[in-house]
Amino acid sequence: MSYVAPAEFSSKMIDAGEAKVFMSTKDTLIRAFMAGAILALAAAFAVTVAVNTGNFLIGALLFPVGFCTLYLLGFDLLTGVFTLVPLALLDKRPGVTVKGMLRNWGLVFCGNFAGAFTVAIFMAIIFTTGFTHEPNAVGQRIGLIGEARTVGYKDAGFGGMLTLFVRAVMCNWMVSTGVVAAMMSTSVSGKIMAMWMPILIFFYLGFEHSIVNMFLFPSGLLLGGDFTIGDYLFWNEIPTVVGNLVGGLTFVGATIYATHYKTSPTINSDAPTSASTTPAE
């Protein structure tokens, strides 16, 4: 598997974030578009498998094929740049600024949305035979997902918004763990194995991923889901983006940076140990 130690891949994380800040607009948009499209196809694939087999676990087991594919091809998801790019700013890399970071995030968001929405249109055509028939079973299921995860949250009020936000935080905790885990190996098989596990967890537990939702919810609207664009934006996409940012940066990027890249001095082994061995009073 050619394991790479955390002290080594933590430097790679910062290098990757720095490179993304300086990437050209053309390359950033193309890579983001393809990432959004491939992840959308994986979501369509997973929902199709779940509907046809009646077993959501099988769909979740197969969904990571999309994430692994886009990562190995060097494409970028918003959830990944949320975690990596701020580290270059935190490390004070020359030329890395808040403006450059926000530029990268904005371009990746637009590219991801364009890719996911393109696939949403293509799949809606397939699910309805060119909009000449009612949606098939998979299309109907996607419409129901859109309703449940917008109007469903809305009906629960504050509790629904809190649940949505926490699911988004947990999602990018797992997704960004997958991004980082791929850096633990120098072999393709090792990278795939490391990525597969956290991505499976996020999808099966129904966490909220902003790019997956860029496919599911526009698809749901195209397929007759009973919710509005406003419901989608306010009761899903915007809070999900914020939660994804918090989850990836806090629980993955900042923690690895703090303990593996900026390692604190070790405790002197010759120091007296009585303090740690004496029972607390």
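Refer to the structure above for everything that follows.
To start, this report covers the structure provided alongside it. Given the structure is predicted, the values throughout are model-derived calculations rather than measurements.

Brief notes about the overall build of the protein chain
A count of helical and extended segments in the protein chain gives 13 helices and zero strands. Taken over C-alpha atoms, the radius of gyration comes to 21 Å for the protein chain, in line with the 19 Å a tight globule of 281 residues would show. If one aligns the C-alpha atoms of the protein chain with their principal axes, the spans along those axes are about 80 × 50 × 35 Å. Counting only residues that meet the buried cut, the protein chain has 48% of its 281 residues in that class. Considering only contacts in the protein chain between residues 6 or more positions apart, those separated by 24 or more positions represent 84%. Carbon and sulfur atoms form 69% of the exposed surface of the protein chain, whose accessible area is close to 13100 Å². Taken as two groups, the 14 positive and 15 negative side-chain charges of the protein chain have centres that lie 8 Å from each other.

Some thoughts on the pattern of salt bridges
Enumeration over the complete set of coordinates arrives at seven salt bridges. As a salt-bridge pair, lysine 20 and aspartate 76 come within 2.7 Å of each other at their nearest N and O atoms. Taken together, the residues span a long stretch of sequence, with lysine 20 in helix α1 (residues 6-21) and aspartate 76 in the loop between α4 (64-72) and α5 (78-90) at a distance of 56 residues. Take lysine 20 and aspartate 76: they sit in the same class, and that class is buried. The closest approach of N and O atoms between glutamate 208 and arginine 149, which form a salt bridge, is 3.0 Å. On the criterion of sequence distance, the pair formed by glutamate 208 in the loop between α10 (188-204) and α11 (210-222) and arginine 149 in the loop between α7 (137-148) and α8 (151-155) is long-range, its members being 59 residues apart. Overall, glutamate 208 belongs to the buried group, its relative accessible area being 0%. Through salt bridges with shared partners, a single ionic network connects Asp15, Glu18, Asp91 and Arg93.

Examining unusual backbone geometry
Unusually for a residue other than glycine, lysine 92 sits at a positive phi of about 60°. Even without being glycine, phenylalanine 131 reaches a positive phi, approximately 65°. Assignment of secondary structure puts phenylalanine 131 in the loop between α6 (98-127) and α7.

How each quantity is defined
Residues numbered from 1 in each chain as written. Predicted model: local features only at pLDDT ≥ 70, side-chain atom pairs only at ≥ 80, totals over all residues. Heavy atoms only, no water. Helix = DSSP H or I, 4+ residues; strand = E, 2+ residues; numbered from the N terminus. Rg over C-alpha atoms; globule rule 2.2 N^0.38 Å. Buried < 20%, exposed > 50% of the residue type's maximum accessible area, 1.4 Å probe, protein only. Contact = heavy atoms within 4.5 Å. Areas by Shrake-Rupley, 256 points an atom, 1.4 Å probe, with all protein chains shown as cover. Lys, Arg positive; Asp, Glu negative; His and termini not counted. Charge placed at Lys NZ, Arg CZ, Asp CG, Glu CD. Salt bridge = Lys/Arg side-chain N within 4 Å of Asp/Glu carboxyl O.

In short, shape yes, function no, at least from these values alone.
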